[in-house]
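Report on the structure
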Amino acid sequence: MASSLATLVDTTIEDPTQRALLVTGDHDYASVTDAIVGISERKTPLAWYIAFAISSSFTLLLFSMIGYLIYRGVGVWGNNSPVFWAWDIVNFVFWVGIGHAGTLISAILFLFRQNWRTSINRFAEAMTIFAVCCAGIFPAVHVGRVWFAYWLFPVPSARLDMWPNFRSPLLWDVFAVSTYATVSLLFWYMGMIPDLATFRDQTKSRFKQVIFGILALGWTGSARHWHRYEKAYLLLAALATPLVLSVHTVVSFDFATAQLPGWHATIFPPYFVAGAVFSGFAMVITLMVPAREWFGLKDFVTLRHLENMCKVILATGCMVGFAYGIEFFIAWYGGNPYEGFTFLNRAYGPYAWAYWTMVSCNVIAPQFFWSKKIRTSPWLMVIVCIFVNIGMWFERFVIIVTSLSRDFLPSSWAYYSPTWVDICMFAGSFGLFFTLFLLFCRYLPIVAMAEVKSVMPKPGSDNR
């Protein structure tokens, strides 16, 4: 009944006299609970096992490559002189950017009272946590001899005879990303507590009752619990909001504070933040559309939700395209010959193939979202979003590799090519990401039931 009604409701119609439905299918509170809890309680579908087997194989590949890297040293990567940063840092910045959308949807849209976020925030928050986990791996292994990582800390020692620069932007990065990860994890967990209690009360498995009971922290749904929950959630949202902007700003300082043509730019902080939101929303759609289809979430994640995210991608994509143009303008207007050469080298040098791939995917691809037909066709959205994600990875590659490979001394110029270890580690990071994501979809509340119910019409009311 619910599914058949869902197909009759067009939530994408722009009618200023009436708010679009956030939940379709004539659901009540009980049917919302049944639909979301049922994902965890039903028999695991075969497709999930197949997807999990593939993703966990890639995860195993990642950890095998990390073991090989530690055993043989970073020489197994394609890094050379002068390209000392390459795929590892590209992957780090890419995954941190992917992790932006979750907290943006959760915190900023929550503070602005955007109710359309309620069906997708849990999904995006989980994606943030998993993306930051993937990001954290690369700088950790990039230090080389990981067993000497404690040398990075400013511990006075006569034996080391060294004092690391603890004020380096690279250490700002450590604090910014770790703070972001901690707050995002707390925010995600805090929001799940009422839903974990619902899972505890609905499951028939004694084992799950114990696990969900522990995770629910004794939640009873009393007025006092709700009062404290909402207060804590609001405070965490206020704390997380500046982090959304600060974390990629600090990542951009890794480059902007360097005296290297192509990196030393004041536009980097807003440019990086816009790019991160751009790529994060693209990844949310890439994952959400298949999950919506396979787990029967069309009543909760409507075309309206997906269309709104497409509009965000279109807006941030235009910002990113504008930033690309401004970079060239400033390089010309500044009159610095090194800066000018760097940008011409990006567009017409040995990495021109990467630059034009980036421009095609990040500037041209999102323009398809001007079309309402594409904005309301889920699988067409996924195709565009995959191109956006490809383009955003290439953006980081272009920024890092092209500037390093052509430094101030032409005799030291070198062309960077990744090795099979680089490629396998990157592919393996996707395996880790999807493995965590599949486990989340199968065993935890994928949609924030309590928040969805809060935006539904009250029982006995016709106010929509």
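No experiment lies behind these values; they were computed from the predicted model shown.

Analysis parameters
Residues numbered from 1 in each chain as written. Predicted model: local features only at pLDDT ≥ 70, side-chain atom pairs only at ≥ 80, totals over all residues. Heavy atoms only, no water. Helix = DSSP H or I, 4+ residues; strand = E, 2+ residues; numbered from the N terminus. Rg over C-alpha atoms; globule rule 2.2 N^0.38 Å. Buried < 20%, exposed > 50% of the residue type's maximum accessible area, 1.4 Å probe, protein only. Contact = heavy atoms within 4.5 Å. Areas by Shrake-Rupley, 256 points an atom, 1.4 Å probe, with all protein chains shown as cover. Lys, Arg positive; Asp, Glu negative; His and termini not counted. Charge placed at Lys NZ, Arg CZ, Asp CG, Glu CD. Phe/Tyr/Trp six-rings, centres within 6.5 Å; stacked < 30°, edge-to-face > 60°. Lys NZ or Arg CZ within 6 Å of the ring centre and 35° of its normal. Expected span 1.5 Å × (residues − 1). Salt bridge = Lys/Arg side-chain N within 4 Å of Asp/Glu carboxyl O. Disulfide = S-S within 2.5 Å. Polar contact = N/O pair within 3.5 Å; in protein donor to acceptor, adjacent residues only side chain to side chain. Patch = residues over 30% accessible without salt bridge, like charges linked within 9 Å, V, L, I, M, F, W, Y side chains within 5 Å.

Re the overall build of the chain
A tally of helices and strands in the chain yields 17 helices and zero strands. Expected size for 464 residues packed as a compact globule is a radius of gyration near 23 Å; at 24 Å, the chain falls within 12% of this value. With the C-alpha coordinates aligned to their principal axes, the bounding extent of the chain is approximately 75 × 55 × 40 Å. Going through the 464 residues of the chain one by one, you find that 53% of them count as buried. Sequence separation of at least 24 residues holds for 81% of the intrachain contacts in the chain that already meet a minimum separation of 6. Counting only carbon and sulfur atoms, one obtains 69% of the accessible surface of the chain, whose full area is about 21,500 Å². Taken as two groups, the 31 positive and 25 negative side-chain charges of the chain have centres that lie 5 Å from each other.

Quick notes on the packing of aromatic side chains
For the structure on display, the rule yields 53 aromatic pairs. Plain terms: the ring middles of F255 and F272 are 5.9 Å apart, the flat faces sit at 40° to each other, and that makes the pair tilted. Of this pair, F255 sits in helix α9 (residues 223–256) while F272 sits in helix α10 (residues 268–294), and the two are 17 residues apart along the sequence. Taking the relative accessible area as the measure of exposure, F272 reaches 4% and is therefore buried. Across from the ring centre of F343, 4.7 Å away, lies the NZ or CZ of R346, which sits over that ring.

Comments concerning helix α3 (residues 46–72)
The α-helix advances 3.6 residues per turn, and as a result positions three or four apart in sequence lie on the same side. Taking 1.5 Å of rise per residue, 27 residues should cover 39 Å, and α3 covers 39 Å from first to last C-alpha, within 8% of that figure. Turning to α3, its buried residues number three or more, namely W48, S55, T59, L62, M65, I66 and L69. The secondary structure elements touched by the buried residues of α3 are α6 (121–142) and α16 (420–443). Where α3 terminates, the next one or two residues include G73, which has phi positive at roughly 100°.

So, the pattern of salt bridges
Inspection of the entire model under this criterion finds seven salt bridges. A salt bridge links E451 to R117; its shortest N-O distance comes to 2.8 Å. Placement of E451 in helix α17 (residues 449–454) and of R117 in the loop between α5 (100–111) and α6 is noted, with a sequence separation of 334 residues between them. The residues E451 and R117 share a single accessibility class, namely buried.

Here's the deal with the state of the cysteines
With the rule as written, the count across this model stands at zero disulfides. The closest cysteine sulfur to the non-disulfide-bonded C134 is located on C133, 6.8 Å from its own sulfur. Residue C318 stays outside any disulfide, its sulfur separated by 13 Å from that of C310, the closest cysteine.

Some details on the side chain of D299
Note on placement: D299 falls in the loop between α10 and α11 (303–334). Among buried Asp, Glu, Lys and Arg side chains, D299 stands out as unpaired, with R292 the closest opposite charge at 7.8 Å. Of the polar contacts made by the side chain of D299, one reaches the side chain of H27; its length is 2.8 Å.

So, the side chain of N345
For N345, the location among the structural elements is in helix α12 (residues 337–348). Residue classification places N345 among the buried residues on the basis of a relative accessible area of 8%. Setting aside residues up to four positions removed in sequence, N345 forms contacts with P350, T402 and R406.

Observations concerning the environment of S184
If you trace the backbone, S184 turns up in helix α7 (residues 169–202). On the basis of relative accessible area, S184 is assigned to the buried category, the value being 5%. In terms of polar contacts, S184 uses its side chain to reach the backbone carbonyl oxygen of Y180, at 2.7 Å.

Observations concerning a nonpolar patch on the surface
A cluster of nonpolar side chains, namely V143, Y150, L152, F153, V155, F166 and F175, defines an oily patch on the protein surface of about 670 Å² accessible area. You can see L152 is positioned in the loop between α6 and α7.

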